[in-house]
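# Structural features, examined
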Amino acid sequence: RKEVEQDPGPFNVPEGATVAFNCTYSNSASQSFFWYRQDCRKEPKLLMSVYSSGNEDGRFTAQLNRASQYISLLIRDSKLSDSATYLCVVKRPDNYGQNFVFGPGTRLSVLP
Amino acid sequence: DVKVTQSSRYLVKRTGEKVFLECVQDMDHENMFWYRQDPGLGLRLIYFSYDVKMKEKGDIPEGYSVSREKKERFSLILESASTNQTSMYLCASSFYNRASTEAFFGQGTRLTVV
């Protein structure tokens, strides 16, 4: 079993739709959680950090459930420009500090 | 503006060549990472470094080595390139032991080994 798993996708949704991505992680010692966005043939970029209390940034809402080891990302009112791959990222401690573990990503296509 | 810079966007090398991929960051980060990304496999950690001259193996270190002689620079070395090392290589950096801070990525190097 992979340490970080995501919905396999792809998700094809019309403009204006609401779409939710799910992510689970297996290492209970994980400390920090992020959603990254990666456009085709580009590097991943931070979309938002995920806090225990949940957090919102405009049309994007992230939730964390530590007990279930589950992270979600909700995108409201989807735009064409939201088309990308969304990566769930978990930061866990190791002997040398902290290390990032990436999920396989979920591809989103927003259609006109 | 924070910056992680990789020396090349695209590289084509021949089988058996020694290949150097360079990465420089200007954020005074302690941690630096090398990943490769392949379709269907996601990002996989090759090596990381948490200090100058320190290095640790990631999940797929075979066929690679690294060098960190200065804090801002982390090099990935393919000792003898093979076709199965054709991939997108991504360098990243972050602060050491600050739980909430994220990793910043370079623009990636697309390496083709022929």
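Everything below is about the structure shown above.
Residues numbered from 1 in each chain as written. Chains lettered and ligands numbered in written order. Predicted model: local features only at pLDDT ≥ 70, side-chain atom pairs only at ≥ 80, totals over all residues. Heavy atoms only, no water.

Attention now goes to the environment of E15 of chain A. Residues and elements named next belong to chain A. Secondary-structure assignment places E15 in the loop between β2 (11–14) and β3 (19–25). On the basis of relative accessibility, which here comes to 43%, the residue E15 falls in the partly exposed class. Measuring from C-alpha to C-alpha, the distance between E15 and K79 comes to 5.5 Å, with 64 residues separating the pair along the chain. When neighbours within four sequence positions are excluded, E15 is seen to be in contact with S78, L80, V110, L111 and P112. (Helix = DSSP H or I, 4+ residues; strand = E, 2+ residues; numbered from the N terminus. Buried < 20%, exposed > 50% of the residue type's maximum accessible area, 1.4 Å probe, protein only. Contact = heavy atoms within 4.5 Å.)

The next subject is the interface of chain B and chain A. Residue-level contacts link 26 residues of chain B with 20 residues of chain A. For the interface between chain B and chain A, the tally reads zero salt bridges. Joining chain B to chain A, the criterion identifies three residue pairs in polar contact (both at pLDDT 80 or more). Put simply, the parts of the chain that give the side of chain B that touches chain A at least two residues each are β4 (31–38), β5 (42–49) and β9 (87–94) of chain B. Among the elements that make up the side of chain B that touches chain A, the one with the highest residue count is β4 of chain B (four residues). Partitioned by chemical class, the residues of the side of chain B that touches chain A number 12 nonpolar, nine polar and five charged. (Salt bridge = Lys/Arg side-chain N within 4 Å of Asp/Glu carboxyl O. Polar contact = N/O pair within 3.5 Å; in protein donor to acceptor, adjacent residues only side chain to side chain. Nonpolar A, V, L, I, M, F, W, Y, C, P; charged D, E, K, R; others polar.)

With that out of the way, let us pick up the sheet that holds strand β8 (residues 73–78) of chain B. Residues and elements named next belong to chain B. Strand order across the open sheet formed by four strands is β1-β3-β8-β7, with antiparallel pairing between neighbours. On the outer flanks of this sheet lie β1 (4–6) and β7 (64–70), each paired with one strand and no other. Direction aside, the axes of adjacent strands within the sheet are offset by 20 degrees on average. The pairing of β1 with strand β3 (residues 19–25) spans three bridges and is classified as antiparallel. Within β3, the residue paired with V4 across the bridge is Q25. (Pairing = 2+ DSSP bridges. Axes fitted to C-alpha atoms, helices over the stretch in contact; angles between N-to-C directions.)

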